[in-house]
Every structure is written in C-alpha cells, then in structure tokens.
Amino acid sequence: MFAKKLDIITLVLLVASIAVNVLLAHQVLKLRADIQNIQSQPSSSLPSIAGTRILAMDALSLDDQPEHISFVDGSQSGKAKVLYIYSPTCGWCARNLGNITKLFDLKHNQFDFIGVSLSGEGLKAYIKSAGFPLQSVYQPSTGAVSALHLDSTPETIVIDQSGVVRKVWVGAYTEDKCHEVEEYFHVTPGSLKKVL
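Starting afresh in each chain, residues are numbered from 1 along the sequence in its written order. Per-residue local features of the predicted model are confined to residues with pLDDT of at least 70, and side-chain atom pairs are confined, for both listing and counting, to 80 or more; whole-chain, interface and lining totals are unaffected and use all residues. Side-chain calculation: all heavy atoms of the structure are included, whereas hydrogens and water are not.

**Student:** Give a description of the pattern of salt bridges that names residues and reports values.
**Tutor:** Here, a salt bridge means any Lys or Arg side-chain nitrogen found within 4 Å of an Asp or Glu carboxyl oxygen. Inspection of every chain in the model, using the stated rule, returns four salt bridges. The residue D112 makes a salt bridge to K81 at a minimum N-O spacing of 3.7 Å. Here K81 lies in strand β3 (residues 80-86) and D112 lies in strand β4 (residues 111-117), a separation of 31 residues in the sequence. Of the charged contacts, one joins K194 and E175 as a salt bridge, the two residues approaching to 3.7 Å between their closest N and O atoms. Of this pair, K194 sits in the segment after α5 (175-185) while E175 sits in helix α5, and the two are 19 residues apart along the sequence. Classification of K194 by relative accessible area gives partly exposed; the value is 45%. Burial here depends on accessible area, computed with a 1.4 Å probe over protein chains only, as a share of the maximum for the residue type. Under 20% is buried, over 50% is exposed, and the range in between is partly exposed. Accessibility expressed as a relative area gives 43% for E175, which makes it partly exposed. When salt bridges that share partners are traced, they join K79, K81 and D112 into one network. Strands are runs of DSSP state E lasting at least 2 residues, helices are runs of H or I lasting at least 4, and numbering of each runs from the N terminus.

Below is the structure:
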C-alpha cells in the first residue's frame, strides 16, 4: 500500500516536472525569438537620433581621468567621429567584435573611432583579452547619455565635424545592417559578417 502511494506521488511529481520544463522551454524560445526580432529590425524602425546636434561629451579615460571629447571640428582636415557603444559584459558586443574591428581597420584613416563603454567594471581586462582596437572611454556624462540615447549595446553612431549625428545602427550587425554599414562607409560588400 505504501509503495503504491509512493508510486503515485512519484508519477505526479514527474508529470509536474515535465509540465514545468515544457513551460520553461516555451519561454526560452519566445525570449530568443524576441531578441532575434529586436536585433534584426532595420535601423529605420527604431527611434533615431539622426539629425541631433551634440557639441561634446565628457567621460572617463581608462586611467580614470576626466576626458572631454569635442565633436565639432571646423578645420578642413577634421574627421567625423564613430562612437561604438559597448559593454564588457554584453554578449552581442562580443559577437560583433569582429565587425567593428574590421571596420576600424578599413576606415580609421578617414574617421576617428571611439569606444564608449557604458560600464567601467572589468573594462581594462576586457580590452586586453579581446584585443579591442578602439581608443575607449567609459561612463559618459549624463548629458551625452540623454542626448544620444545611450542605453543599447552595441550601437554605432556617426557624428560629423559639425556635431550632427549622421547615422545610427542599434544592435549587432545583422545581414541588413552589414549591407547598410558597408554602403555608408564605402567598404567592399562582404567585408562584414552578419551576427547570428
């Protein structure tokens, strides 16, 4: 009799466990689909700051010193700036590292690339271990965070010599974004690899 009750309890627990696992699997698949959907949205469907003018940004250098970055350059030889917003703990940033490295390699003579980390935690170790090629700052000023809507990583922002935001790509480079970035920067199609 006791063994029979134990068998029934075991069976009930097994059925409950299976039900919970099915529910969790469904939630995981839904979250993955949501993430993929967000990552694959074309830039035009996301809120854009293109056209916004920002004169400068204050942040901290890797040596924890205040750093003032001016976006306005009146000289003929001035370069537009490419801000790459990232975080050492961002999985999508890690997946997109090859693309921003390739873009930097191809275009650093024509654009000033600046990595802007939203977190300073583990930043120096990340830059060293990942071989992150961009000059980096962290903890951008509240004004810059607000003006540039710096809340997503990775994000690529092009600011011209007059301080006007010309282009924004939110998220890792999906196939469509690879094509957009290659076209904007006039690099050979296929130079960048879509992030899955």
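**Student:** Lay out the packing of aromatic side chains with the relevant residues and their values.
**Tutor:** Within 6.5 Å between ring centres, the rings of Phe, Tyr and Trp (the latter by its six-membered ring) count as paired, and their orientation is classed by plane angle as stacked under 30 degrees, edge-to-face over 60, tilted in between. Scanning the model with the defined rule gives ten aromatic pairs in all. Here Y86 and Y126 contribute two aromatic rings whose centre-to-centre distance is 6.0 Å and whose plane-to-plane angle is 35°, an arrangement assigned as tilted. In this pair, Y86 is assigned in strand β3 and Y126 in helix α3 (residues 123-130), connecting sequence segments 40 residues apart. As far as burial versus exposure is concerned, Y86 and Y126 are alike and both buried. Geometrically, a lysine NZ or arginine CZ counts as sitting over a ring once it is within 6 Å of the ring centre and also within 35 degrees of the ring normal. Cation over ring: R95 sits above W92, and NZ or CZ is 4.5 Å from the ring centre.

**Student:** Tell me about helix α2 (residues 91-107), and name the residues and values.
**Tutor:** Its 17 residues give α2 an end-to-end C-alpha distance of 25 Å, which sits within 8% of 24 Å, the value for a rise of 1.5 Å per residue. Working definition for bend: take the seven residues up to and ending at a residue and the seven starting at it, fit an axis to each, and measure the angle between the axes. Of all the bends in α2, the greatest measures close to 45° and is centred on L97. The set of residues buried in α2 consists of W92, C93, N96, L97, N99, I100, L103, F104 and K107. In this scheme, a helix's expected span is set at 1.5 Å multiplied by one less than its residue total.

**Student:** Describe the sheet that holds strand β2 (residues 66-70), with residues and values.
**Tutor:** Here we have seven strands laid out as an open sheet, ordered β2-β1-β5-β4-β3-β6-β7, and mixed in their pairing. In this open sheet, the two edge strands, each paired with only one partner strand, are β2 and β7 (165-170). For this sheet the average axis-to-axis angle between neighbouring strands, irrespective of direction, equals 35°. Against the sheet, α2 engages β3 and β4, with an angle of about 160° to β4. What makes two residues a contact is simply this: any of their non-hydrogen atoms within 4.5 Å. Angular values range over 0 to 180 degrees, each being the angle between N-to-C directions of two axes fitted as lines to C-alpha atoms, with helices fitted over their stretch in contact. α5 rests against β3, β4, β6 (155-159) and β7 of the sheet, and its axis sits at about 155° to β7. The criterion for strand pairing is that DSSP finds at least two bridges linking the strands in question.

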